[in-house]
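Structural characterization, general
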Amino acid sequence: YTLSLHDALPISYTCPIENLRWIAVYIMVYRCYHRAMKKLVVVADDFGLCESVNSGIVESFQNGLVTELSLMLGSPGTNHALKLVQNHNISNLGIHMLLKNWRDTGALVRRADYTRLFNELTASEVAKLVTAELDEFERLTGHKPSHITSQYGILSHPKALPSITEYAAEND
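As a starting point, this report considers the structure included with it. (Residues numbered from 1 in each chain as written. Predicted model: local features only at pLDDT ≥ 70, side-chain atom pairs only at ≥ 80, totals over all residues. Heavy atoms only, no water.)

Here we take up the packing of helix α6 (residues 123-141) against helix α7 (residues 161-171). A pair of packed helices is captured by two measures, namely the crossing angle of their axes and the spacing between those axes. Orientation of α6 relative to α7, taken along the N-to-C sense of each, is 40 degrees, at an axis distance of 8 Å. One way to sum up the angle between α6 and α7 is to call them oblique. Considering only the axes of α6 and α7, their crossing is right-handed. Judged by residue contacts, Ala 127, Val 130, Leu 134 and Glu 138 of α6 engage Ser 163, Ile 164 and Tyr 167 from α7. Classifying every residue of the contact of α6 with α7 gives 5 nonpolar, 1 polar and 1 charged. (Axes fitted to C-alpha atoms, helices over the stretch in contact; angles between N-to-C directions. Helix = DSSP H or I, 4+ residues; strand = E, 2+ residues; numbered from the N terminus. Parallel < 35°, antiparallel > 145°, perpendicular 65-115°, else oblique. Left-handed = near helix turned anticlockwise from the far one by under 90°. Contact = heavy atoms within 4.5 Å. Nonpolar A, V, L, I, M, F, W, Y, C, P; charged D, E, K, R; others polar.)

Below, the structure written as structure tokens:
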């Protein structure tokens, strides 16, 4: 279900009665939107990619547009992101799992790289990568992630999913 306030308010300046109808629609949408906001979670991933992305995400968080941040480890902006977390007292911090990162490869990992990774590694080796990344997150932040997301949905792969579900079950 997608709600676009822009689409809900196509005011026509040629018909005042039509304007009133659309204003009433806008008011109803606005009220529903604010009720839904109490339950809506908006996660910004790629936090840690680079300083400009980090700054935009923190600004969005401070303005209430984003409710949680997903940290990428081993990326060019990871240290900057960690400083922002401390400086702005951000506690809604999860992990954006990469399994292989910029530090390992020298570049952003692409879909084809993940296909190759899952073809070359055993489930046990993938589980070690998952555990290592989660351990690094806890070491760097001092707490467990509030949530877990992943690049390209890689954690739903049969070689990664068991270790993630085990971690989630153990850490509620």
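The strands making up a sheet associate through hydrogen bonds between their backbones, and the pairing can be parallel or antiparallel. Across the sheet, which stays open at both edges, the 4 strands sit in the order β1-β2-β3-β4 with parallel pairing between neighbours. Each edge of the open sheet is held by one strand with a lone partner, namely β1 (43-47) and β4 (148-150). Averaged over neighbouring strand pairs, the angle between their axes works out to 30 degrees when direction is ignored. Sheet analysis places strand β2 (residues 68-71) next to strand β3 (residues 93-97), joined by 3 bridges and oriented parallel. By the bridge assignment for β3, Leu 71 is matched with Ile 95. Strand contacts of helix α3 (residues 78-87): β1, β2 and β3, with the helix running at about 135 degrees to β1, the strand carrying the most contacts. (Pairing = 2+ DSSP bridges.)

Turning to the pairing of β3, a few remarks are in order. Along any regular strand, the residues point their side chains to alternate faces of the sheet. Most of β3 is tucked away: 5 of the 5 residues are buried. Residue alternation in β3 divides its side chains into two sets, Leu 93, Ile 95 and Met 97 and Gly 94 and His 96, and both sets are buried. Considered for its hand, the β-α-β crossover made up of β2, α3 and β3 is right-handed. Two strands pair when backbone bridges link them, and β3 and β4 are joined in this way by 3 bridges, in the parallel orientation. Note on β4: the bridge partner recorded for Met 97 is Ser 150. (Buried < 20%, exposed > 50% of the residue type's maximum accessible area, 1.4 Å probe, protein only. Right-handed = clockwise from strand over helix to strand, strands pointing away.)

On to the nonpolar core. Counting residues in each nonpolar core, the largest one holds 33 residues, and the members touching the most others are Phe 47, Leu 71, Met 97, Leu 99 and Phe 118. For this core, the secondary structure elements donating two or more residues are β1, α2 (51-62), β2, α3, β3, α5 (111-120), α6 and α7. Looking at this core element by element, the count peaks at 5 residues for α6. Excluding its chain neighbours within four sequence positions, the residues that come into contact with Leu 71 are Phe 47, Gly 48, Ala 81, Leu 82, Leu 93, Gly 94, Ile 95, His 96, Phe 137 and Thr 141. (Core = buried A, V, L, I, M, F, W, Y, C linked by side-chain atoms within 4.5 Å.)

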